[in-house]
Amino acid sequence: MLKIENLTKMFGGLAAVNDVSVEFEANRINAIIGPNGAGKSTFFNLVAGTHKPTSGRIILDGEDITPLRCDYIAQRGVGRTFQTTNLFEQASVLDNLIVGHRLRTKSGLWDVLINSKRLQWEEKACRDKAREVLDFVGLNHVENRLIADITQEERKRVAFALALATDPKIVLLDEPAAGVNPEETEGLADLMRKMVDHGLTVCLIEHKMDMIMGLADKIMVLDHGEKIAEGTPTEIRENPVVIEAYLGSDEDAAA
Amino acid sequence: MLKLASFMTRPAAKYLLIVLALVFPLIARNEYQVYVMASAFIWAIAVYGLNIITGYCGQLNLAHGGFFALGAYTLGLLTGDYGWSFWPAFVGALLMTAFIGFLVGVVSLRLKEHYFAIFTLCVGFIMYMLTDKWEELTHGPIGVRDIAAPHGFGIVDFTETTPFYYLVLAFLIFAIWFMGKLSRSLLGRTFMAIRNGDDLAQSLGINLMRNKTLAFVLSTTYAGMAGALYAGMVRFIGPEDGNILHTFDMITYLLAGGIGTLSGPLVGTVGIVWLTQSLQFLEEYRMILFGPLLVVLVIFFPRGIVGSFLGWLHRKTLDAGLPAAKQKESRIATGKGVENNA
């Protein structure tokens, strides 16, 4: 599904991501963990095309997407959320989501001027898509609320929905459960399982260990930009290098 | 109260305001009032342009006054020096501002946020300097005279104030109509997504450069349209019409009315122009009253008159659970009414 070959990103003399190779299988939940500054977010930015790698290749479904600009990568089916998703606070939830499907539409200025059939049809398609993803994340009851008036957890779900509205094949979720309480975290984990059940591939960065261990099919551990381990949660839990680098210091807090 | 407020967002309010604008010359006390209203409408058209790039697309363009002057000078020079009649020169002014807007946009939009604002500030100032110093073309400080007005027909003579008022009103209605369509369309939503953040917009598959350039060209064309109408009405223009202060005036109108709203530019422009007029007796001292008023507005109503009103209305209708809350068409912070009040 997503294959990373020898990916390296240098910022000045510093290797934020250093020679990472990994393969994420389709229809699985893949997690990336590691201490702060390990290069996890940079890794996402490379995959999504926000940063260009210094060297290495990113292959999505057999196609080399390394040289593409982010908007093309999004069109190829890579959706993502950010640690903080800047939504339009003064607009309703539904309004925020409609633009998510824009990349699957073609209407331009001329269509607006003459109010073309295509524009009307595409606007309906975008609206339907927005409702569909809102329903998927279980938020259709807040459709008309302003973003400013919804809870933190609902914002997280809206951010998911926005990524889903792009019709992705794989979604990159950057700390999706940061800042929500334990029950809500479990709810979000269920939502990720639901995405996989619907044929998506999920890739997430997360600090909440108990959540990751119960959720991920595969975990990759980054430290100082390098991949130090990869495997199932059980393997990672027992890996001495990982315990040394990461879990050792945090285990108590995480448990 | 709430009923009255929600009436303001209905189409009926829009038609009421158009009727008011139509009968305004009949109820105005003198021709001067009609003239002031016509110039307020012209500025409003320019502010609508600024609203596209700054309000919807989130890029603070400080060259807007320069493009206004570019439109005015293109029309003025083509009719005054080259003997074109009004309408071909008007189209020429639109094409010119669109074309120069494209060139400036392609370069300046590579910059982000403050850098973009500073760059466009410089562009605006260069345009001002050109009108002042390039005497062979622009006549420098002497300015451009003998600008043609549109040809009249029958008893309609566009060198008179009232017919020109209706001409401007027609363009204003067109400008707002198009803005309404744009802001509710997928294209408008695309601009707003860019305003919310480049990174997020790109992750949604939006081509930043293409959409920003389109928004920029649209905004400069609006400025050019306003500038050309201005030249046709005043029929004498000089470098001061491209003064950078006009850009800041327009930003003030936009902020007061409500940035990123549909009716904000009109409310802000017409409101402030009339406020300034009614404080005329204070002469220069009116700024003492005007300054604090603006500060209060920006502090307590950062989203402007229209933005604050719509936010309030949205909450009220949701709380009251009125049927209005289930509007079939949801709309992004746009006043559904075209506020067009005298």
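Note that the structure is predicted; figures quoted are calculated from it, not measured.

Conventions used here
Residues numbered from 1 in each chain as written. Chains lettered and ligands numbered in written order. Predicted model: local features only at pLDDT ≥ 70, side-chain atom pairs only at ≥ 80, totals over all residues. Helix = DSSP H or I, 4+ residues; strand = E, 2+ residues; numbered from the N terminus. Rg over C-alpha atoms; globule rule 2.2 N^0.38 Å. Contact = placed C-beta atoms within 7 Å. Buried ≥ 20, exposed ≤ 12 C-beta atoms within 10 Å, placed from the backbone. Pairing = 2+ DSSP bridges. Axes fitted to C-alpha atoms, helices over the stretch in contact; angles between N-to-C directions. Left-handed = near helix turned anticlockwise from the far one by under 90°. Nonpolar A, V, L, I, M, F, W, Y, C, P; charged D, E, K, R; others polar. Domains from an automatic or database assignment. Core = buried A, V, L, I, M, F, W, Y, C linked by C-beta atoms within 7 Å. Expected span 1.5 Å × (residues − 1).

A.B. asks: Explain the overall build of chain B to me, using residue names and the numbers behind them.
C.D. replies: Looking only at helices and strands, one finds 15 helices and 0 strands in chain B. Here chain B has a C-alpha radius of gyration of 20 Å; the compact-globule value for 342 residues is 20 Å, and the two agree. Overall, chain B is about 65 × 50 × 45 Å in size when its C-alpha atoms are taken along their principal axes. Taking as baseline every contact in chain B between residues at least 6 positions apart, the subset at least 24 positions apart corresponds to 77%.

A.B. asks: Any chance you could break down the pairing of strand E3 (residues 29-33) of chain A for me, citing the residues and the numbers?
C.D. replies: Residue and element names in this part refer to chain A. With 5 of 5 residues buried, E3 lies mostly within the body of the structure. Neither face of E3 is exposed, since Ile29, Ala31 and Ile33 on one face and Asn30 and Ile32 on the opposite face are all buried. Bridge count between E3 and strand E8 (residues 201-205): 4 bridges; the pairing is parallel. Residue pairing for E8: Ala31 is matched across the bridge by Leu204. Of the pairings in the sheet, the one linking E3 to strand E9 (residues 218-223) comprises 4 bridges and is parallel in character.

A.B. asks: Explain the interface of chain B and chain A to me, and be specific about the residues and the numbers.
C.D. replies: Each partner contributes to the interface: chain B provides 28 residues, whereas chain A provides 35 residues. Contributions of two or more residues to the side of chain B that touches chain A are made by helix H8 (161-184), helix H9 (186-196), helix H10 (198-203) and helix H15 (304-320) of chain B. Examining the composition of the side of chain B that touches chain A, we find that 7 residues originate from one element, H9(B), more than from any other.

A.B. asks: Explain the sheet that holds strand E4 (residues 55-60) of chain A to me, using residue names and the numbers behind them.
C.D. replies: All names here are of chain A. Sheet architecture is open: 4 strands sit in the order E2-E1-E4-E5, paired in antiparallel fashion. Two strands in the sheet have a free side with no partner beyond their single neighbour: strand E2 (14-24) and strand E5 (63-64). Pairing analysis gives 2 bridges linking E4 to E5, with the strands arranged antiparallel. Looking at E5, one finds that Ile59 is bridged to Asp64. Where helix H1 (residues 40-48) meets the sheet, its contacts fall on strand E1 (2-11), E2 and E4, and the angle it forms with E2 comes to roughly 65°.

A.B. asks: Explain the packing of helix H12 (residues 244-257) of chain B against helix H13 (residues 264-278) of chain B to me, using residue names and the numbers behind them.
C.D. replies: Residue and element names in this part refer to chain B. Running from N to C, H12 and H13 point in directions that differ by 115°, and their axes come no closer than 7 Å. Both H12 and H13 take part in a crossing whose hand is right-handed. Contact residues: H12 offers Thr252, Tyr253, Leu254, Ala256 and Gly257, while H13 offers Gly264, Pro265, Leu266, Val267, Gly268, Thr269, Gly271 and Ile272. Partitioning the contact of H12 with H13 into residue classes produces 7 nonpolar, 6 polar and no charged.

A.B. asks: Account for the domain arrangement of chain A, with residues named and values stated.
C.D. replies: Residues and elements named next belong to chain A. Each assigned domain of chain A is listed with its residue range as follows: domain 1 (1-77 + 168-255) and domain 2 (89-165). A straight line from the C-alpha centre of domain 1 to that of domain 2 covers 27 Å. Each side of the interface is counted separately: domain 1 has 10 residues, and domain 2 has 8 residues. Elements with a minimum of two residues in the side of domain 1 that touches domain 2: helix H2 (70-75) and helix H7 (182-197). The element that contributes the greatest number of residues to the side of domain 1 that touches domain 2 is H7, accounting for 3 residues. Of the residues belonging to the side of domain 1 that touches domain 2, the class tally is 7 nonpolar, 2 polar and 1 charged.

A.B. asks: Any details on the nonpolar core? Residues and values, ideally.
C.D. replies: By size, the foremost hydrophobic cluster in this structure holds 170 residues, and its most contacted members are Ala161(A), Ile42(B), Ile45(B), Ala46(B) and Ala226(B). Examining the composition of this core, we find that 16 residues originate from one element, helix H3 (residues 31-56) of chain B, more than from any other. Both domain 1 (1-77 + 168-255) and domain 2 (89-165) of chain A contribute no fewer than three residues apiece to this core. Dropping the residues within four chain positions of it, Ile45(B) is found in contact with Phe171(B), Leu172(B), Ala175(B), Tyr222(B), Met225(B) and Ala226(B).

A.B. asks: Lay out the sheet that holds E3(A) in plain terms, naming residues and giving numbers.
C.D. replies: Residue and element names in this part refer to chain A. Spatially, 6 strands are ordered E6-E7-E8-E3-E9-E10 in an open sheet, and the strand pairing comes out mixed. The open sheet is flanked by strand E6 (78-81) and strand E10 (226-231), the only strands paired with a single partner. Ignoring which end each strand starts from, the neighbouring axes of this sheet average 15° apart. Of the strands in this sheet, E3, E6, strand E7 (170-174), E8 and E9 are in contact with H1, which crosses E7 at around 150°. In the packing of H7 onto the sheet, the strands contacted are E3, E7 and E8, and the crossing angle to E8 comes to about 150°.

A.B. asks: Outline helix H11 (residues 208-234) of chain B, supporting the account with residue identities and numerical values.
C.D. replies: All names here are of chain B. Over its 27 residues, H11 runs 39 Å from end to end, which matches the ideal 39 Å to within 8%, given 1.5 Å per residue. The element H11 is largely enclosed, with a buried count of 22 among its 27 residues. Positive backbone phi, at 60°, marks Arg235, one or two positions downstream of H11.

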